[in-house]
Amino acid sequence: MPELDQKVAQALSDMSAREARRDGTRGIRERVPAALERYPEIQSRVRAIKERALARLPELVNEAENHLLAHGFHVFRADDAEAARQYVLSHTPPESLIIKSKSNLAKEMHLPEALEAHGHRLVETDLGDHINQLLGRRSGHVLMPALGVDIPTIQHVFRERFDEPEIGPEPTDLVQAARRHLRPLLESATVSVSGANAVTAAGEIVLMENEGNIRAVTSLPSIHFVIVGVHKVVETLEEGLAVVQAASLYGIGQDLGNYCTILAGPGRDAGPEVHVVLVDDGRLKAIAQEPEPFYCINCGSCLNVCPVYAEMGESYGGERLGGIGIMQTFLLDGAEQATADGLDLCLGCQRCIPACPSAIDTPGITNRLKASRAIKPHAAMRRRFLRLVLSRGELTLARAVFRTSAQLGISRRWHRRGQRAEDFIPVPDRTRPIPAGASFPAIHGARGTVWLYPGCVMDAWYAGIHEATIAVLMQNGFTVRIPATKTCCGALHAHAGEPDPLPELLAKNAAAFPGEDPIIMNSAGCGAFLKQHEGPLQARVRDLSEFLLEAGLKPPSRPIHRRVAYHNPCHLRFAQGIHDAPQALLQAVGYALVPVDEREACCGSAGTYNLEFPTLAWRLAREKAEDLTQGQPDVIATANPGCLMQIRAGVESLDGQMAVVHWVELLREAYGGVRS
Ligand code: SF4
Ligand code: SF4
């Protein structure tokens, strides 16, 4: 089994860690939106701060260095991790007791291991890091390092290592025990290490925390090291404070951390000797090439919403976690390492973009990086095959090829324990593709003309949805035109990391829809793709739901009073910002919406993802199906062909008989038509 598949399989097998992660992030996911409502400008502000700072970073780092020196700090510019480690080692007295607070960079460059290898004793003082240190475990999250470790494990290791057999299982018991154990160490340490949330060009170091350990770490020992990447430099103290506030809002849903420390020089909130180690290690070069991944302020919010992280935890990534960490690794350590860490595992669901204080486009940049990577010939062939089969809608061929390859044992990686790629291949509806160049006149009073975007997968596999779309638009007074040339939008190609045909496809699409009439999309994925790619069509593309809601729905001929569970596709909700238009339309024709716990939202379809990573996609499909069926609806509806086939597979795996349809098919019923 290839290494990445092994990594996925191993991560998925640990269900207790998965549940602990889910419980640990659920509260934050619920808290953050309410907290952000109080600061509507914070995302655009942080994005602007980071854009400005990174655009003139070399100059800002020089300014920061000069001002730090003027404030009495020692400053070392480390070209690479080894230079940084050597600097710290050479300025640490022999056999020191070193206390350390959270620093993802220090972890990344293996500073704790280097210090311990040289005879020092290093004690992690962040509670999560301390738990990991006792367990010999790597960090599971940038902000909550012990996420994924359950309470009984923590209780057991504390009882054993603190020699306190009576420690109780309540969080307060565990925190009190850690405090009792750490306090004498904090008081007797002579050296300390911390990170920094921001460094200002005026020479201040800004740190925020909730536990109070950072303040002790920076102020009590006589020698302190601040380990900070050069990308953390910002222009002003006000900006540094905005960054830490954003980290708190997005990271834990709290207005501010409990403690904010500003180090303005040794002896002022810090010990007498403070060394600031400004680590480049390829950052300046990488930022010149692709700055956006370095807008990251390490709040961990993207991990809290990422469906891949939810399933795989720290196995989604390497030294750096999640989609953002893998992109940084690509730029700092190369494509091979990033690929091994899971570059291809990103679903492209876009959930992390609105969840990020810097609005980093992780899925978009990931696709670009994938496209720039030289891939192995067999992988390239496999992708081209998938793309060809799917984008041409050659369903019969696809099913035959998958079945034959299973019988011959050729593609074993796709066929494990009933979680085969072919399980995701849809049963097409019986409708023939909509004729190219056709026009369907409005009924009941003309309100205008629209184009219907036929696409490839929708047209070949789900033409019945097109029929329903045409019928509903006609009933609502719109003439519907079908282009003479049907072309794929290019989304599948982009997701597979193959950008070459995109300009060609975009040009073909532009030529296929002359005039100014709106282009109606009933596939969320295609709609998102065309809206997000510059071109003459961009402004005319409308999702069917937003179009109908704005136009105003005509009253249906026979309202339907049934219960529907609706899954909002990631490419509608996160990529197009359409939260509730389909639900509103369903309610308008009589349907009652059954509440659904969105859980990790993505159903796991994501282009060819369910064919490339069927085990992970299968897990997501089943969880989605469990959520959707929990309220025992009469029918399940969604708005994207990929989601449709994925959820149908999930429902079938639960032995469910429930129909899974496109929401427009339910609207058609209300106008007197039948579902295909
Ligand atoms: S796009 Fe989705 S899968 Fe990819 S990193 Fe973002 S949240 Fe995770
Ligand atoms: S990418 Fe954005 S959301 Fe994720 S850790 Fe960085 S700043 Fe936070």
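Quick caveat, the model's predicted, so the values are computed rather than measured. (Residues numbered from 1 in each chain as written. Chains lettered and ligands numbered in written order. Predicted model: local features only at pLDDT ≥ 70, side-chain atom pairs only at ≥ 80, totals over all residues.)

Caption draft 1: Structural view of the overall build of the protein. Per the secondary structure count, the protein includes 32 helices and 19 strands. Buried residues in the protein amount to 51% of all 676 residues. A sequence separation of at least 24 residues applies to 77% of the contacts in the protein between residues at least 6 apart. (Helix = DSSP H or I, 4+ residues; strand = E, 2+ residues; numbered from the N terminus. Buried ≥ 20, exposed ≤ 12 C-beta atoms within 10 Å, placed from the backbone. Contact = placed C-beta atoms within 7 Å.)

Caption draft 2: Representation of the site of ligand 2 within the structure. With respect to spatial proximity, 15 residues lie near ligand 2, and among them Cys296, Cys299, Cys302, Ile324 and Cys356 are the closest. Here the residues of the shell around ligand 2 sort into 11 nonpolar, four polar and no charged. (Near = placed C-beta within 6 Å. Nonpolar A, V, L, I, M, F, W, Y, C, P; charged D, E, K, R; others polar.)

Caption draft 3: Up close: helix H28 (residues 581-588). Burial in H28 covers these residues: Ala581, Pro582, Leu585 and Leu586. The arc that holds the buried residues of H28, viewed along the axis, is 135°, so those residues lie on one side. Count one or two residues on from H28 and you reach Gly590, which has phi positive near 110°. (Arc of directions from axis to C-beta.)

Caption draft 4: Main features of unusual backbone geometry. Positive phi, normally seen in glycine, also occurs at His110, with a value near 55°. In this fold, His110 is placed in the loop between helix H6 (104-108) and helix H7 (111-117). With 13 C-beta atoms packed within 10 Å, His110 lands in the partly exposed category. Positive phi outside glycine occurs at Ala359, with the angle close to 50°. As for its placement among the helices and strands, Ala359 is situated in the loop between helix H17 (335-341) and helix H18 (362-372). By the C-beta count within 10 Å, which is 16 here, Ala359 ends up partly exposed.

Caption draft 5: Up close: the site of ligand 1. Neighbouring residues of ligand 1: 14 residues in total, closest Cys306, Gly323, Cys346, Cys349 and Cys352. Secondary-structure elements contributing two or more residues to the shell around ligand 1 are helix H15 (307-312) and H18. Split by residue class, the shell around ligand 1 holds nine nonpolar, four polar and one charged.

Caption draft 6: Spatial organisation of the sheet that holds strand E15 (residues 541-543). Read across the sheet, five strands follow the order E11-E13-E12-E14-E15 without closing on themselves; strand pairing throughout is mixed. Either end of the sheet is taken by a strand with one partner, and the two such strands are strand E11 (439-440) and E15. Across two bridges, strand E12 (residues 448-452) lies against strand E14 (residues 519-521) in parallel orientation. Bridge pairing links Trp451 to Ile519 in E14. Helix-sheet contacts for helix H22 (residues 463-475) involve E11, E12, strand E13 (478-481) and E14, and the interaxial angle to E13 is about 150°. Its contacts with the sheet put helix H25 (residues 524-532) on E14 and E15, and the angle it makes with E15 is roughly 145°. (Pairing = 2+ DSSP bridges. Axes fitted to C-alpha atoms, helices over the stretch in contact; angles between N-to-C directions.)

Caption draft 7: Focus on helix H31 (residues 641-653). With 13 residues, H31 ought to run about 18 Å at 1.5 Å a step, and its terminal C-alpha atoms sit 18 Å apart, in line with that. With 11 of 13 residues buried, H31 lies mostly within the body of the structure. For H31, the set of buried residues is Pro641, Gly642, Cys643, Leu644, Met645, Gln646, Ile647, Arg648, Ala649, Gly650 and Val651. Those residues of H31 hidden inside the fold are in contact with helix H21 (457-461), H25, helix H29 (609-612), helix H30 (614-629), strand E18 (635-638) and strand E19 (660-662). Backbone geometry just downstream of H31 places Asp655 in the positive-phi region, at approximately 60°. (Expected span 1.5 Å × (residues − 1).)

Caption draft 8: Representation of the nonpolar core in the model. Residues Ile227, Val243, Val277, Ile647 and Leu666 are the most contacted members of the largest nonpolar core, which totals 192 residues. Among the elements that line this core, the one with the most residues is helix H12 (residues 237-252), at nine residues. Not counting chain neighbours up to four residues away, the residues in contact with Ile227 comprise Ala84, Ser103, Leu105, Ala106, Leu111, Val193, Gly195, Val277 and Val279. (Core = buried A, V, L, I, M, F, W, Y, C linked by C-beta atoms within 7 Å.)

Caption draft 9: Fine view of the sheet that holds strand E4 (residues 191-194). Sheet architecture is open: six strands sit in the order E1-E10-E7-E4-E2-E3, paired in parallel fashion. Strands at the two margins of the open sheet, each flanked by one partner only, are strand E1 (74-78) and strand E3 (121-124). Taking the axes of each pair of neighbouring strands and ignoring which way they run, one obtains an average angle of 20° across the sheet. Pairing geometry for strand E7 (residues 223-229) and strand E10 (residues 273-279), over seven bridges, is parallel. By the bridge assignment for E10, Phe225 is matched with His275. The strands that helix H5 (residues 81-90) touches are E1, E7 and E10; relative to E10, the one it contacts most, it runs at about 170°.

Interpretation note: all reported values are geometric properties and have no functional meaning in isolation.
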